[in-house]
Amino acid sequence: MFKFDASSIDKSLPVPVGTQLYGLLSYFLSFADLPRGTKLQSVRQLAAEIGVAPMTVSQVYQQLRDEGFIEMRSGLGAFAARDPGAPSEQINPLTLLSRDIDAILAKADGLGINAMSLVSMISARAHIRSTETGLKLVFVVIFEEVGRDYLEQIRPTLSSLDQITLVTLDELRFDEAARQLCFDADLVLTFGNREAEVRATLKGLNVFGLKFIPSQTTRQTLAGLDSRARVAAVSRFKEYIAVMRPSVREFAPHVADVVVTYTDAADLKAVIQSCDAVVYASGADDVNELARKGVPCFEFRHVPDPVALDTVLAPKLALLRQGKATR
């Protein structure tokens, strides 16, 4: 059963508990290694642990269900509906061709065409069609500058013929040209925890949520914090404020004093200046200017999960290319 530290929910913050709980669960259901079918705490168990009305938890579960993060099983409870770290459910794309290859060989044999001649014909045809099998991709990100870094980390998984364009969530919401890029694309990529939002905006399109993990630099920096330090963990978005404390503690379990806040908080400056180290989520870079001189400030940076790129995204792209080449 998936459980989390109830102290991640901070009732002293001017952010509704339901909002904090949604952000925390959607984050872990997107990025943690939770196998599909992992049972979540019941509504009553979770409500009692946090100290809120069951209706608050029930509403969060309903939202997570509607967005595809969890599934509700009658009489059994809530279960993870995704498996971010699992290989693609499809079999190896090459094996999908086995019957077609057998059929082509049989037909060629009937026409008196030997196997070597057939190989030459296929090779020539592949060369002719090579320029037709590149994919048009769109990567929907939150912040453009950080998104470009992510894009470079994803690019090695792509073919040299693929074209990928960066679009921000704000552009997706308000820019018709940006939406048209998505409608013209073979696949729209985004973050796992933003997949439902992007799907809702681009109804009917092929949207794929990438799994991200904390970068090695982030892990090492957190592990190197002084155990006596008071650490400020700053979120850019209110709904993900509850994610910050368990994220820091995952790699810095020796640090006891972690205070969370967000960039629009009225007491942001006072909190940061009372701390010995500052960890901020991507997009909250401005907090650097608020820290006392000499206090370490660093970004909690994520990177695309290389295993998921190889075992989930790459096979999906191969199938898309295969389908596009045969059209």
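What you see is a predicted model; the values in this text were computed from it and never measured.

Basis of the calculations
- Residues numbered from 1 in each chain as written.
- Predicted model: local features only at pLDDT ≥ 70, side-chain atom pairs only at ≥ 80, totals over all residues.
- Heavy atoms only, no water.
- Phe/Tyr/Trp six-rings, centres within 6.5 Å; stacked < 30°, edge-to-face > 60°.
- Helix = DSSP H or I, 4+ residues; strand = E, 2+ residues; numbered from the N terminus.
- Buried < 20%, exposed > 50% of the residue type's maximum accessible area, 1.4 Å probe, protein only.
- Lys NZ or Arg CZ within 6 Å of the ring centre and 35° of its normal.
- Core = buried A, V, L, I, M, F, W, Y, C linked by side-chain atoms within 4.5 Å.
- Contact = heavy atoms within 4.5 Å.
- Arc of directions from axis to C-beta.
- 1 Å grid on protein atoms, 1.4 Å probe; cavity = no way out; pocket = protein on both sides within 12 Å on 5 of 7 lines; lining within 4 Å.
- Points joined across faces, edges and corners; volume = space filled by probe spheres on them.
- Nonpolar A, V, L, I, M, F, W, Y, C, P; charged D, E, K, R; others polar.
- Pairing = 2+ DSSP bridges.
- Axes fitted to C-alpha atoms, helices over the stretch in contact; angles between N-to-C directions.
- pLDDT = per-residue confidence, 0-100.
- Polar contact = N/O pair within 3.5 Å; in protein donor to acceptor, adjacent residues only side chain to side chain.

What follows is about the packing of aromatic side chains. Applying the stated criterion across every chain yields a total of six aromatic pairs. Taking the centre distance of 6.0 Å and the plane angle of 20° together, the rings of Phe143 and Phe237 count as stacked. Here the residue Phe143 occupies a position in the loop between strand 3 (136-141) and helix 6 (144-154), and Phe237 occupies one in the loop between strand 8 (230-235) and helix 11 (241-251), the gap between them amounting to 94 residues. Classification of Phe143 as partly exposed rests on a relative accessible area of 23%. A residue is classified by how much of its surface remains accessible, and Phe237, at 24% relative accessible area, is partly exposed. Look at Phe191 and Phe212: their rings are 4.9 Å apart centre to centre, the planes differ by 55°, and that puts the pair in the tilted class. You can see Phe191 sitting in strand 5 (residues 187-191) and its partner Phe212 sitting in strand 7 (residues 212-214), a full 21 residues away along the chain. Classification of Phe191 as buried rests on a relative accessible area of 8%. Through a chain of ring-to-ring contacts, the aromatic side chains of Phe139, Tyr150, Phe191 and Phe212 assemble into a single cluster. Sitting over the ring of Phe79, Arg73 keeps its end group 4.0 Å from the ring centre. Here the basic side chain of Arg236 rests over the ring of Phe237, its NZ or CZ set 5.5 Å away from the ring centre.

For the rest of this paragraph, the subject is the nonpolar core. Judged by nonpolar contacts, the single largest core of 86 residues is most densely connected at Leu29, Tyr61, Leu64, Phe139, Leu210, Leu222 and Leu313. Looking at this core, the element that brings in the most residues is helix 1 (residues 17-31), giving nine residues. Residues within four places of Leu313 in sequence aside, it is in contact with Ile154, Thr157, Leu187, Leu189, Phe208, Leu210 and Ala308. Core analysis: the second largest hydrophobic core is formed by 13 residues, Val167, Leu169, Leu172 and Val198 among them.

A separate point is helix 6. If you check which residues of helix 6 are buried, you get Val146, Gly147, Tyr150, Leu151 and Ile154. End-on, the buried residues of helix 6 take up no more than an arc of 145°, which puts them together on one face.

One pass over the structure, following the stated rule, counts one cavity of 30 Å³ or more. Of the pockets and cavities examined, the largest cavity occupies roughly 430 Å³. Along its surface, the largest cavity is lined by 23 residues, and Tyr27, Ile142, Ala281, Ser282 and His302 are the ones closest to its centre. Split into classes, the residues belonging to the lining of the largest cavity amount to 15 nonpolar, six polar and two charged.

Moving on, we get to the sheet that holds strand 4 (residues 163-168). Pairing in this open sheet of four strands is parallel, and the strands run 4-3-5-6 from one edge to the other. Both edges of this open sheet fall to strand 4 and strand 6 (207-210), since each of them pairs with a single strand only. Shown here is a sheet whose adjacent strand axes are inclined to one another by a mean of 25°, direction ignored. Note that strand 3 and strand 4 share six bridges and pair parallel. Bridge pairing in strand 4 places Lys136 opposite Gln163.

This paragraph deals with the confidence of the model for the protein. Mean pLDDT over the protein stands at 87; residues scoring 70 or higher make up 90%. Every residue in residues 88-92 scores below 50 in pLDDT, and together they form five contacts with partners more than four places removed in sequence or on other chains.

Further remarks concern the side chain of Ser247. Here Ser247 is to be found in helix 11. Under the relative-accessibility criterion, Ser247 is labelled buried at 5%. Within polar-contact distance, the side chain of Ser247 engages the backbone oxygen of Val243 at 2.7 Å. Those residues in contact with Ser247, other than ones at most four positions away along the chain, are Tyr27, Leu222 and Phe300.

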